[in-house]
Amino acid sequence: MVTLAEVAQHAGVSASTVSYVLSGKRSISATTRQRVEQSIRELGYHPNAGARALASSRSNIIALMVPLRTDMYVPVMMEIAIAVATTARTHGYDVLLLTGEEGPDAVRRVTGSGLADAMILMDVELDDERLPLLREAAQPSVLIGLPADTTGLTCVDLDFRATGALCVEHLAGLGHRDVAVIGEAPAVYERHTGFAERTLDGLRSRARETGVRLLHRPCEGGYDAMAVTLARVFDERPGTTGFVVQNESAVEPLLALLRQQGRAVPEDVSVVAICPDQVAVQASVRLTSVSIPAQEMGRRAVEHLVAKLDGRGADEVVLLAPELTVRASSGPAAS
């Protein structure tokens with residue numbers, strides 16, 4: 001392992017000069033800085049993380065709290081996590097991934113131990129138990145998600161309320177008057193997870209405004225669960241001609257079941273999904289959809305967090321506007 005002294009000898013400067021170049025605590029001439037940086041690159045020197053943390057009172061680590069639950073679509077969560085990690089790296093930070101369902105205990109562990117300089121939290125609930133601790137913490141934080149009360153918090157999220165409204169607007173504009181919503185698993189609503197609740201709020205509000213009759217049914221996903229849910233929908237609302245799906249694992253089972261029942265998409269039934277583009281374009285019928293901007297959400301969260309770490313950021317709520325892409329799964333309501 002290359003040492004700081006070896007870098008100093010290679011660059012022809014003192015060890016303290018190398019230290020100042022690394023820490024930025026003193027002004028060093030441009031030529032000396034370039035010489036030291038060239039020696040660091042040539043020798044492959046990496047500062048000792050523990051020593052650096054002691055010297056700077058920073059760990060250069062961001063804690064990312066992303067509980068991996070069986071009722072959530074993990075690929076989206078991981079896409080956000082990867083965007084967080086890659087963006088953090090461009091700013092000189094590494095990411096500590098906390099995947100357990102520890103709730104407030106995970107926040108206490110990070111704030112009490114100095115494990116990380118800052119925190120990003122995902123899977124945010126409307127009345128999230130972690131929020132009081134975040135408001136009191138010395139370390140800055142950013143939520144990827146939106147709680148009911150955003151006072152004293154910085155949040156980045158897709159505008160899910162507007163997303164729900166956009167889906168209803170699209171179907172209403174095509175003449176659909178009976179629309180069923182295939183939602184996330186029941187546990188997601190029982191936890192009052194922010195994105196699911198806000199989507200439902202947007203769906204219901206715009207349905208009232210446009211005269212659309214809306215039926216919401218949570219679904220575990222998978223073929224068997226979707227078969228039971230679809231049967232309930234048509235039992236309760238036989239005239240249903242439009243579906244909004246916010247459950248990636250229910251997309252393909254829904255399309256398969258509609259085919260089996262002789263209901264053509266979009267001639268008899270229209271389907272709009274809230275999902276990643278990859279899910280929409282790879283479905284057996286290319287889905288009209290509102291995309292989940294996972295990479296943008298992760299990138300924005302890190303940018304806001306780094307600004308706070310540098311003393312430039314203020315608490316704010318950033319909602320990304322939804323975009324609906326029309327594909328092959330939506331059309332005029334059958335007469």
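Residues numbered from 1 in each chain as written. Predicted model: local features only at pLDDT ≥ 70, side-chain atom pairs only at ≥ 80, totals over all residues. Heavy atoms only, no water.

- As recorded in an unreviewed UniProt entry, the chain goes by LacI family DNA-binding transcriptional regulator and comes from Streptomyces fuscus.

1. Some thoughts on the sheet that holds strand β2 (residues 94-98)
In a beta sheet, neighbouring strands are held together by backbone hydrogen bonds and run either parallel or antiparallel to one another.
Alright, step 1. Strand order in the open sheet made by the six strands is β2-β1-β3-β4-β5-β11, with parallel pairing throughout. Single-partner strands in this sheet number two, and they are β2 and β11 (317-320). Put simply, the sheet's adjacent strands are angled 20° from each other on average, direction ignored.
Alright, step 2. The pairing of strand β5 (residues 155-158) with β11 spans four bridges and is classified as parallel. Note on β11: the bridge partner recorded for Val156 is Val318.
Alright, step 3. The strands that helix α14 (residues 294-309) touches are β1 (61-65), β3 (118-121), β4 (141-144), β5 and β11; relative to β4, the one it contacts most, it runs at about 165°. (Pairing = 2+ DSSP bridges. Helix = DSSP H or I, 4+ residues; strand = E, 2+ residues; numbered from the N terminus. Axes fitted to C-alpha atoms, helices over the stretch in contact; angles between N-to-C directions. Contact = heavy atoms within 4.5 Å.)

2. Some details on the packing of aromatic side chains
Alright, step 1. Overall, the coordinates contain two aromatic pairs when judged by the stated rule.
Alright, step 2. Residues Phe160 and Phe195 carry aromatic rings whose centres are separated by 5.6 Å and whose planes lie at 50° to one another, so their mutual orientation is tilted. On the criterion of sequence distance, the pair formed by Phe160 in helix α8 (residues 160-173) and Phe195 in helix α10 (residues 194-210) is long-range, its members being 35 residues apart. We note that Phe160, like Phe195, is buried.
Alright, step 3. Ring geometry for Phe234 against Phe243: centres 5.9 Å apart, planes inclined by 75°, an arrangement best described as edge-to-face.
Alright, step 4. Residue Phe234 is classed as buried on the basis of its relative accessible area of 10%. (Phe/Tyr/Trp six-rings, centres within 6.5 Å; stacked < 30°, edge-to-face > 60°. Buried < 20%, exposed > 50% of the residue type's maximum accessible area, 1.4 Å probe, protein only.)

3. Details of the sheet that holds strand β6 (residues 178-183)
Alright, step 1. Spatial strand order, β7-β6-β8-β9-β10-β12: six strands in an open sheet with mixed pairing. Looking at strand neighbours, the two that pair on one side only are β7 (213-218) and β12 (324-325), the edges of this open sheet.
Alright, step 2. Two elements, β6 and strand β8 (residues 242-245), share four bridges in a ladder whose sense is parallel. Directly across from Val181, in β8, lies its bridge partner Val244.
Alright, step 3. Packed on one face of the sheet, α10 meets β6, β7, β8 and β9 (270-274) and runs near 160° to β7.
Alright, step 4. Packed onto the sheet, helix α11 (residues 223-236) meets β6, β7 and β8 and runs at close to 155° relative to β7.

4. With respect to the nonpolar core
Alright, step 1. Counting 48 residues, the largest nonpolar core has Ile80, Ile120, Ile144, Leu203 and Val244 as its most contacted members.
Alright, step 2. Ranked by the residues each element gives to this core, the list is headed by α14, at seven residues.
Alright, step 3. Excluding residues that lie within four positions of it along the chain, Leu203 makes contacts with Gly164, Ala165, Cys167, Val168, Val181, Leu214 and Val244.
Alright, step 4. Residues Ala180, Ile182, Val233 and Val269 belong to the second largest nonpolar core, which totals 26 residues. (Core = buried A, V, L, I, M, F, W, Y, C linked by side-chain atoms within 4.5 Å.)

5. Topic: the pattern of salt bridges
Alright, step 1. Scanning the model with the defined rule gives 19 salt bridges in all.
Alright, step 2. Glu125 is the salt-bridge partner of Arg191, the closest N and O atoms lying 3.9 Å from each other. Of this pair, Arg191 sits in the loop between α9 (186-190) and α10 while Glu125 sits in the loop between β3 and α7 (131-136), and the two are 66 residues apart along the sequence.
Alright, step 3. Note that Arg130 is salt-bridged to Asp128, the shortest N-O span being 2.9 Å.
Alright, step 4. In this structure Asp128 comes out as buried when scored by relative accessible area, which is 7%.
Alright, step 5. What emerges from the salt-bridge pattern is a single network uniting Arg69, Asp71, Asp123, Glu125 and Arg191. (Salt bridge = Lys/Arg side-chain N within 4 Å of Asp/Glu carboxyl O.)

6. Some points on the pairing of β9
Within a regular strand, side chains alternate between the sheet's two faces.
Alright, step 1. In terms of burial, β9 is largely enclosed, as five of its five residues are buried.
Alright, step 2. Across the two faces of β9 the burial is the same, with Ser270, Val272 and Ile274 and Val271 and Ala273 all buried.
Alright, step 3. With four bridges joining them, β8 and β9 adopt parallel strand pairing. If you follow Val244 over to β9, its bridge partner there is Val272.
Alright, step 4. The β-α-β motif built from β8, the intervening helix α12 (residues 248-260) and the parallel element β9 has right-handed crossover chirality.
Alright, step 5. Pairing between β9 and strand β10 (residues 288-290): three bridges, direction parallel. Bridged to Val272 within β10 is Thr288. (Right-handed = clockwise from strand over helix to strand, strands pointing away.)

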